[in-house]
Amino acid sequence: MLRKFTSAAAALAMTTALAAPAHADLEGTLRIMSDMSNPAPRAIMEGLAADFGAMHPDLTVELEIVDREAWKSQIRNALSANPPDVVNWYAANRMLPYVESGLFMDISDMYSGGDLPGLDAVKGAMTIDGKQWGVPYSYYQWGIYYREDIFKELGLAEPATFEEEMANCQKILDAGKKCYSIGSKFLWTAGGWFDYLNMRTNGFDFHMELAQGKVAWTDDRVRETFANWRKLIDMGAFIDDHQTYSWQEALPFVVNGEATAYLIGNFAVPHLREAGLTDDQIDFYQFPKIADVPMGEDAPTDTFHIASGASNVDAAKAFLQFVTSADVQSKINGPDGLGQLPINANSSVADDEFIQQGFEMLSQNATGGIAQFFDRDFPAEMASIGMEGLQEFMVFPDNLDDILGRMEQARQRIYK
Amino acid sequence: MTAATDPTIPRSWMQRNRMTITPLLFLAPGVLFFAVYVIIPIFQSFYISTFEWNGLGELSEQGEYVGFRNYQELMTDRAFEISLWNNVKWLALYLLAIPAGLFIALFLNQTIMGIRIYKSLFFFPFVISQVVVGLVFSWFYLPREGLLNLVLGVFGAGPVNILGDPTLATYGIIAAGLWPQTAYCMILYLTGLNAVDPEQVEAARLDGAKGWKMLWYVIIPQLKPATFIAFVVTIIGALRSFDLISIMTNGGPFGSTRVLSFYMFEKALSEYGFRMGYGSAIAVVLFLIMLVFIGYFLWSMYRDEKGARR
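Residues numbered from 1 in each chain as written. Chains lettered and ligands numbered in written order. Predicted model: local features only at pLDDT ≥ 70, side-chain atom pairs only at ≥ 80, totals over all residues. Heavy atoms only, no water.

As recorded by an unreviewed UniProt entry, chain B carries the name Sugar ABC transporter permease and is attributed to Thalassococcus lentus. Among the UniProt annotations of chain B, the heading Subcellular location (unreviewed entry) holds the following wording: "Cell membrane". Looking at the Sequence similarities (unreviewed entry) heading of the UniProt record, one finds this comment for chain B: "Belongs to the binding-protein-dependent transport system permease family." (UniProt positions renumbered as here; feature names shortened; annotations may be inferred.)

Chain A goes by ABC transporter substrate-binding protein in an unreviewed UniProt entry, where it is assigned to Thalassococcus lentus. Entered under Subcellular location (unreviewed entry) in the UniProt record, the comment concerning chain A runs "Periplasm". The heading Sequence similarities (unreviewed entry) in the UniProt record of chain A holds the text "Belongs to the bacterial solute-binding protein 1 family."

Peer 1: Outline the UniProt feature "transmembrane region" (unreviewed entry) in chain B, supporting the account with residue identities and numerical values.
Peer 2: Using the residue numbers shown here, the UniProt feature "transmembrane region" (unreviewed entry) corresponds to residues 21–43, 90–109, 121–141, 171–194, 214–237 and 277–299 of chain B. Between the C-alpha atoms that bound residues 21–43 of chain B the distance is 29 Å, and the span itself is 100% helix and 0% strand. (Helix = DSSP H or I, 4+ residues; strand = E, 2+ residues; numbered from the N terminus.)

Peer 1: I'd love a proper account of helix α5 (residues 78–94) of chain B, names of residues and values included.
Peer 2: Residues and elements named next belong to chain B. In a regular helix each residue adds 1.5 Å, so 17 residues correspond to 24 Å; α5 covers 24 Å between its end C-alpha atoms and thus fits that length. Listed as buried for α5 are Ala79, Phe80, Ser83, Asn86, Asn87, Trp90, Leu91 and Tyr94. An end-on view of α5 places all buried positions within 140 degrees of arc, on one side of the element. Between a side-chain oxygen at the N-terminus of α5 and the backbone nitrogen of Ala79 the separation is 2.9 Å; the capping residue is Asp77. (Expected span 1.5 Å × (residues − 1). Buried < 20%, exposed > 50% of the residue type's maximum accessible area, 1.4 Å probe, protein only. Arc of directions from axis to C-beta. Polar contact = N/O pair within 3.5 Å; in protein donor to acceptor, adjacent residues only side chain to side chain.)

Peer 1: Could you give an account of the sheet that holds strand β1 (residues 28–34) of chain A, naming the residues involved and the relevant values?
Peer 2: All names here are of chain A. Strand order in the open sheet formed by five strands is β2-β1-β3-β12-β6, with mixed pairing between adjacent strands. Of all strands in the sheet, those with a lone pairing partner are β2 (59–65) and β6 (135–139), marking the two edges. Each adjacent strand pair in this sheet contributes to an overall mean axis angle of 25 degrees, direction not counted. One ladder, built from seven bridges, connects β1 with β2; its direction is parallel. Considered in β2, the bridge of Leu30 is made with Val61. Contacts from helix α4 (residues 68–80) reach β1, β3 (86–90), β6 and β12 (301–306), with the element oriented near 125 degrees to β3. (Pairing = 2+ DSSP bridges. Axes fitted to C-alpha atoms, helices over the stretch in contact; angles between N-to-C directions. Contact = heavy atoms within 4.5 Å.)

Peer 1: Could you give an account of the state of the cysteines, with specific residues and numbers?
Peer 2: Residue and element names in this part refer to chain A. In total, this model carries one disulfide over all chains according to the counting rule given. One disulfide bridge connects Cys169 with Cys179, the sulfur atoms lying 2.0 Å from each other. In this structure the cystine formed by Cys169 and Cys179 twists about its S-S bond by roughly 95 degrees; its chirality is therefore right-handed. Taken together, the residues Cys169 in helix α8 (residues 162–174) and Cys179 in strand β8 (residues 178–181) connect sequence positions 10 residues apart. Of the two residues, Cys169 and Cys179, neither departs from the other in class, the shared state being buried. (Disulfide = S-S within 2.5 Å.)

Peer 1: Tell me about the side chain of Ser37(A), and please be specific about residues and values.
Peer 2: All names here are of chain A. Counting through the fold element by element, Ser37 comes out in the loop between β1 and α3 (39–55). From its side chain, Ser37 meets the backbone nitrogen of Arg68 in a polar contact 2.9 Å long. Among residues more than four places away in sequence, those in contact with Ser37 are Arg42, Ile65, Val66, Asp67 and Arg68.

Peer 1: Outline the packing of α5(B) against helix α13 (residues 224–239) of chain B, listing residues and values.
Peer 2: Residue and element names in this part refer to chain B. Interaxial distance between α5 and α13 falls to 9 Å at its minimum, and their mutual angle equals 150 degrees. With respect to α13, the element α5 is oriented roughly antiparallel. In this structure, α5 meets α13 at a crossing whose hand is right-handed. Packed against α5, whose contacting residues are Asn87, Trp90, Leu91 and Tyr94, the element α13 presents Thr234, Ile235, Gly237, Ala238 and Leu239 at the interface. For the contact of α5 with α13, the per-class residue count stands at six nonpolar, three polar and no charged. (Parallel < 35°, antiparallel > 145°, perpendicular 65-115°, else oblique. Left-handed = near helix turned anticlockwise from the far one by under 90°. Nonpolar A, V, L, I, M, F, W, Y, C, P; charged D, E, K, R; others polar.)

Peer 1: Help me get a handle on the domain arrangement of chain B, residues and values and all.
Peer 2: Residue and element names in this part refer to chain B. Each assigned domain of chain B is listed here: domain 1 (46–76 + 275–310) and domain 2 (88–259). Between the C-alpha centres of domain 1 and domain 2 there is a distance of 30 Å. Contacts between domain 1 and domain 2 engage eight residues on the former and six residues on the latter. Buried surface at the junction of domain 1 and domain 2, summed over both partners, amounts to about 700 Å²; 87% is from carbon and sulfur atoms. (Domains from an automatic or database assignment. Buried area = accessible area lost by both parts, 1.4 Å probe.)

Peer 1: Describe in detail the packing of helix α9 (residues 188–202) of chain A against helix α18 (residues 380–395) of chain A, supporting the description with residues and values.
Peer 2: Residues and elements named next belong to chain A. Following both chains from N to C, one finds α9 and α18 inclined at 80 degrees, their axes separated by 8 Å at the closest point. As judged from the angle between their axes, α9 and α18 are roughly perpendicular. In this structure, α9 uses Trp188, Ala190, Gly191 and Phe194 to contact α18, whose residues at the interface are Met387, Leu390, Gln391 and Met394. Looking at the contact of α9 with α18 residue by residue, the classes come out as six nonpolar, two polar and no charged.

Peer 1: Tell me what's going on with the sheet that holds strand β7 (residues 142–147) of chain A, and back it up with residues and numbers.
Peer 2: All names here are of chain A. Pairing is mixed in the open sheet, where four strands are placed in the order β8-β9-β7-β10. Among the strands making up the open sheet, the edge pair consists of β8 and β10 (282–285). This sheet shows a mean twist of 30 degrees between the axes of neighbouring strands, independent of strand direction. Where β8 and strand β9 (residues 259–265) come together, three bridges link them in parallel fashion. By the bridge assignment for β9, Lys178 is matched with Ala259. Across the sheet, helix α16 (residues 353–364) is in contact with β7 and β10; its angle to β10 comes to roughly 5 degrees.

What follows is the structure, encoded as structure tokens:
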């Protein structure tokens with residue numbers, strides 16, 4: 001069995017597996033539609049397509065890259081008529097509409113047949129109804145990115161508990177700065193805050209029950225989460241007018257030192273570096289502990305899927321195998337690539353301050369479990385109504401009863 | 001004697017019906033496209049609105065027939081109510097573009113050096129894309145760096161975050177929309193003013209009319225066709241307001257700036273929208289509102305044409 005070899009042999013294993021007779025004679029056309037439209041991911045995707053094409057001389061690889069935001073609404077058209085073979089999407093509940101409508105191909109046989117070594121840990125996020133519907137290619141941690149230099153100046157240390165967090169925040173406020181930058185115009189950033197506060201207050205399992213619609217939004221435990229959130233809001237911890245900014249527009253607050261921290265995903269780091277902050281000025285810490293529950297973390301996973309209407313299934317499966325193989329994973333998630341975490345257990349993690357910290361946190365300190373993100377764990381409609389309520393709460397915390405009532409009404413309708 | 005005029009030789013069917021066939025043939029492409037892209041989709045929307053369907057896969061397989069339940073849900077949906085009220089606000093306030101356009105047109109309707117340059121400057125906002133207008137105005141409104149707050153600061157007022165305040169945001173967007181719409185109405189009135197009869201103005205002047213009276217009793221009645229067109233384009237513009245909302249607030253803060261067209265898009269087609277049936281029900285309501293105006297426009301055009309024929 002090739003699969004028994006680990007990291008060092010994985011690269012070799014990959015090439016051999018692909019050279020095996022079953023895949024050797026791939027031919028025809030492989031059509032890939034990707035949403036990796038930002039400059040760095042785009043280069044990675046084009047590299048992947050070119051490398052895969054070079055490995056299979058008889059195969060023509062056609063790659064079409066669609067704008068990442070536009071793809072979120074275009075995917076349904078792309079999958080309905082003359083679908084490509086391979087598409088990009090997101091894990092967990094975000095797949096559900098496409099899985100239910102039979103637009104993604106069931107690839108459970110690839111997992112059970114041992115075609116995807118090193119992916120056992122991430123299999124769960126790809127599973128709906130006990131079957132697997134795609135492969136991940138990258139994931140990244142969320143957490144609090146903060147201005148190390150300002151913390152030093154004010155004599156603050158990375159907090160481990162919510163009390164310390166609030167004590168720090170009070171000192172930051174006293175120094176005339178805001179504690180957290182956030183841009184909630186497009187709503188989802190508020191979802192990140194709720195995820196963490198709820199996972200810390202009530203635990204990961206409760207958070208998942210809420211996502212699955214098993215708990216009422218008006219439940220006292222949910223209210224407790226909001227009460228913790230309100231403590232920060234009442235302190236004035238968040239920047240003003242955040243409902244007018246996108247997450248990118250909220251970055252300058254951190255860059256200029258008007259706000260000292262930002263709860264966001266690792267994708268913000270390149271932007272902070274580009275804006276002129278050095279690694280001595282920015283650092284990362286895990287969202288602090290609130291109640292005595294195992295720490296759950298958000299780590300959204302980006303994925304590849306085979307369309308159920310794919311015309312070249314063999315090539316599509318070989319491509320998925322290629323993308324998830326250990327060495328390709330090390331390469332595309334490296335500092336020259338996506339700068340994120342590889343999903344293959346046998347890959348090496350890039351030597352980068354933030355990726356290393358994130359990897360350590362997720363592999364050792366996320367004992368509660370790993371969530372995808374508010375808008376990927378909750379069903380689409382619940383997520384959109386929910387995030388709107390969360391934004392309203394951040395601006396008008398007094399409306400909480402009304403907001404929860406609305407969300408509960410939506411819950412009862414959506415999870416029938 | 002040619003064959004066509006010889007009564008003894010029977011003419012072909014084509015030749016006999018030429019007067020009927022020719023207009024029909026000319027109409028056919030237009031009618032065909034109008035039917036395929038406008039008429040049939042209207043009935044499809046009605047049909048889809050009676051289903052619960054996520055828009056993926058076939059309606060007949062995946063859709064669940066729910067009768068009028070989508071409409072019942074609309075009745076209790078507060079987001080729908082807000083969108084409907086915002087539509088009313090848009091309709092009412094957008095009409096300000098007509099008097100504003102008229103006064104700019106009157107102001108510009110003179111012959112001085114370089115008047116064409118001034119006219120084009122006033123017309124400029126209509127030429128640039130709505131997306132650009134939206135961006136410019138959202139920068140103008142920015143809570144800290146925006147020009148508006150800078151100006152308010154000079155007078156000791158502010159700062160206000162117009163687009164972040166649920167009670168003000170819609171008005172902020174309408175103000176942005178009025179900018180290009182006023183320019184549009186202005187150009188309609190400028191062409192209308194060219195057609196004003198100078199003899200009537202002269203006669204009115206001899207009778208001692210001037211100022212407001214001249215405008216109200218002599219000029220404006222002659223501008224009636226321009227006013228009608230301005231009214232039509234403004235109403236339609238108000239009902240299809242979408243780009244500005246999408247660019248400036250994305251429907252927020254917390255859904256307070258949505259209008260029906262935006263809400264429909266959000267429910268049926270956006271990132272998190274998988275409710276084709278519900279979206280169609282919203283579309284049907286929007287269509288019924290539009291139908292009131294379209295009916296009025298058609299009726300008034302029909303009346304005018306009949307009047308002209310008499």
